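What follows is the residue order along each chain.
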Amino acid sequence: MFSPQGPTLRELAVQALSSVEHGYDLLAPKFDHTPFRTPDSILDAVGRALRPLGPFDAGLDLCCGTGAGMEVLRGLCRERVTGVDISAGMLAVGRERLRAVEPGRSGADDPGRLCADVSAGPSAGDPGRLCADVSAGPSAGDPGRLCADLSVRPSAGDSGPSRVDLPERSRPAGAPPAVDWVRGDARALPFGSAFDLVVSFGAFGHFLPGELPGLFAQVHAVLRPGGRFAFPIMAPPGPSSPWYWGLLGFDTMMRVRNAFWRPPFVMYYRAFRLDDVQRELAGAGFEVDLHALPEFGERRDGSPRCRMVVARRGPGTPPV
C-alpha cells in the first residue's frame, strides 16, 4: 500500500482487527516499509541531542519494535544495549537485521540473540517466574537462542524469580556494545536498576492515558540513579493542517473499532500530550527537561515543532 515492499490494504485490515501483539507479529516483516516506523531524521536528531549528556554504559530501547532505536543506543552506549518488545515477530525482524550487519558475532555475543521471553502480561500481577533454563539448548553457542522462558504465570504463593539478569560479558576495548533482545511487556519490565539510558520511539500511542503513571514508574525503577529517560514528541498540528484531521479521523476510527470489536487494538495518536506527560513523569519521581530539536524548525508561534523530553532519575531517588 505504502510501497511495493509494504503491506497491502487487506493485510493492514487484518492487522487492525487483531490484538496489538498479534497485529504487529503480522506486520513485522513489512513494518520498516511503512510510515509507522520512526523516520531516520528523528532518530538521528535524538542521537545527536543525547550525545552531550553521556557517556552512557547501558541503554534500553522500550518497545523497540524492529530495532530502529537500538541503532541510536549502539552509537551512544559503551557496554550493553537491550531491546524489549511484546511482539515476537518484531523482535525477530530486528534480530535478523542486526545479525546481517554484524555477521561475525555468534553465541553469547550474537547481536541477534533472544535473551529472554517475559511475555506474560501484568494483568495477573507478577510478570512471570523462571520456569525453565534452556541456555544449554541444542548448542550453548546457538545464535538467537532463548536464555530463559518466563512466560508461565506463577502459581499462588510462588516466590520464584521474576527478573531477567542480563549476562555479564567482558568487552574488549573498542568493541561494540553487547546486544540483548527481551520479549516482555513494558508495563512489567523484568529488570532491576540496570540502565543509564532508556529511549522510546513512536510507541506511546499504545498506552492509554491511565496507564502512563505505571509505565513511567517501571522506567524509573530500571534506571540507575542519575539515569535518563528520553524520547521525541512532536507538537500537535493545528486545525488548518491536513494532519490534524487525518489524526483525528484515525483516532476516531480506532475508538469506534474498539467499542465494537475484541480484542482491542490500542493506538491513538492524539492522546499523548506534552503537559500530561510532564505531569505524569514528575509524579513518577523524574526531573524533567525539554530540549528543542532545531532540525525540525518552529511553529508560527515560535515554539519547536519537535522536542526531546529528557526525564532524569535523581541521585539517591528510590524507585516509585
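Residues numbered from 1 in each chain as written. Predicted model: local features only at pLDDT ≥ 70, side-chain atom pairs only at ≥ 80, totals over all residues. Heavy atoms only, no water.

Of regular secondary structure, the protein chain possesses 8 helices and 10 strands. By the burial criterion, 45% of the 320 residues in the protein chain qualify as buried. Of the contacts formed within the protein chain by residues at least 6 apart in sequence, a portion of 71% connects residues at least 24 apart. Here the protein chain has roughly 15100 Å² of accessible surface; of this, 57% comes from carbon and sulfur atoms. (Helix = DSSP H or I, 4+ residues; strand = E, 2+ residues; numbered from the N terminus. Buried < 20%, exposed > 50% of the residue type's maximum accessible area, 1.4 Å probe, protein only. Contact = heavy atoms within 4.5 Å. Areas by Shrake-Rupley, 256 points an atom, 1.4 Å probe, with all protein chains shown as cover.)

Of all residues in the protein chain, 74% have pLDDT values of 70 or greater, and the mean over the chain is 79. The spread of mean pLDDT over the elements of the protein chain runs between strand 4 (residues 132-133), the lowest at 30, and strand 7 (residues 195-199), the highest at 97. Here residues 121-161 scores under 50 on pLDDT; set against residues more than four positions off or in separate chains, the count is 78 contacts. (pLDDT = per-residue confidence, 0-100.)

Further remarks concern the packing of aromatic side chains. Considering all chains together, one arrives at 11 aromatic pairs under this definition. Considering the side-chain rings of Phe229 and Phe286, the 6.2 Å spacing of their centres and the 40 degrees angle between planes classify their relative orientation as tilted. Of the two residues, Phe229 sits in strand 8 (residues 223-234) while Phe286 sits in strand 9 (residues 286-292), which places them 57 residues apart along the sequence. Assessed through its relative accessible area of 5%, Phe286 is described here as buried. Site record: aromatic cluster; members linked through ring pairs are Phe204, Phe216, Phe229, Phe231, Phe272 and Phe286. (Phe/Tyr/Trp six-rings, centres within 6.5 Å; stacked < 30°, edge-to-face > 60°.)

Moving on: the packing of helix 6 (residues 212-222) against helix 8 (residues 274-283). Running from amino to carboxyl end, helix 6 crosses helix 8 at an angle of 50 degrees, the nearest separation of the two axes being 9 Å. Taken together, the axes of helix 6 and helix 8 lie oblique to each other. Crossing handedness for the pair helix 6 and helix 8: right-handed. In this structure, helix 6 contributes Leu212, Pro213 and Phe216 to the contact, and helix 8 contributes Val277, Glu280 and Leu281. When grouped by side-chain class, the residues that make up the contact of helix 6 with helix 8 number 5 nonpolar, no polar and 1 charged. (Axes fitted to C-alpha atoms, helices over the stretch in contact; angles between N-to-C directions. Parallel < 35°, antiparallel > 145°, perpendicular 65-115°, else oblique. Left-handed = near helix turned anticlockwise from the far one by under 90°. Nonpolar A, V, L, I, M, F, W, Y, C, P; charged D, E, K, R; others polar.)

Looking now at the side chain of Arg257. Structurally, Arg257 can be placed in helix 7 (residues 242-260). Here Arg257 occupies a buried position and makes no salt bridge, while the nearest side chain of opposite charge, Asp251, is found at 12 Å. Setting aside anything within four residues of it in sequence, one finds Arg257 in contact with Ala16, Leu17, Ser18, Pro263, Pro264 and Phe265. (Lys, Arg positive; Asp, Glu negative; His and termini not counted. Salt bridge = Lys/Arg side-chain N within 4 Å of Asp/Glu carboxyl O.)

It is worth spelling out the environment of Arg313 at this point. If you trace the backbone, Arg313 turns up in strand 10 (residues 306-313). For Arg313, the side chain forms a polar contact with the side chain of Ser193, separated by 3.4 Å. From its side chain, Arg313 meets the backbone oxygen of His220 in a polar contact 3.2 Å long. (Polar contact = N/O pair within 3.5 Å; in protein donor to acceptor, adjacent residues only side chain to side chain.)

Another aspect to go through is helix 8. Buried residues of helix 8: Leu274, Val277, Glu280 and Leu281, and no others. Each buried residue of helix 8 sits inside an arc of 130 degrees when the element is viewed along its axis, so together they form one side. With respect to the buried face of helix 8, the exposed residues turned more than 90 degrees away are Asp275 and Gly283. Close packing links the buried residues of helix 8 with helix 6, strand 8, strand 9 and strand 10. (Arc of directions from axis to C-beta.)

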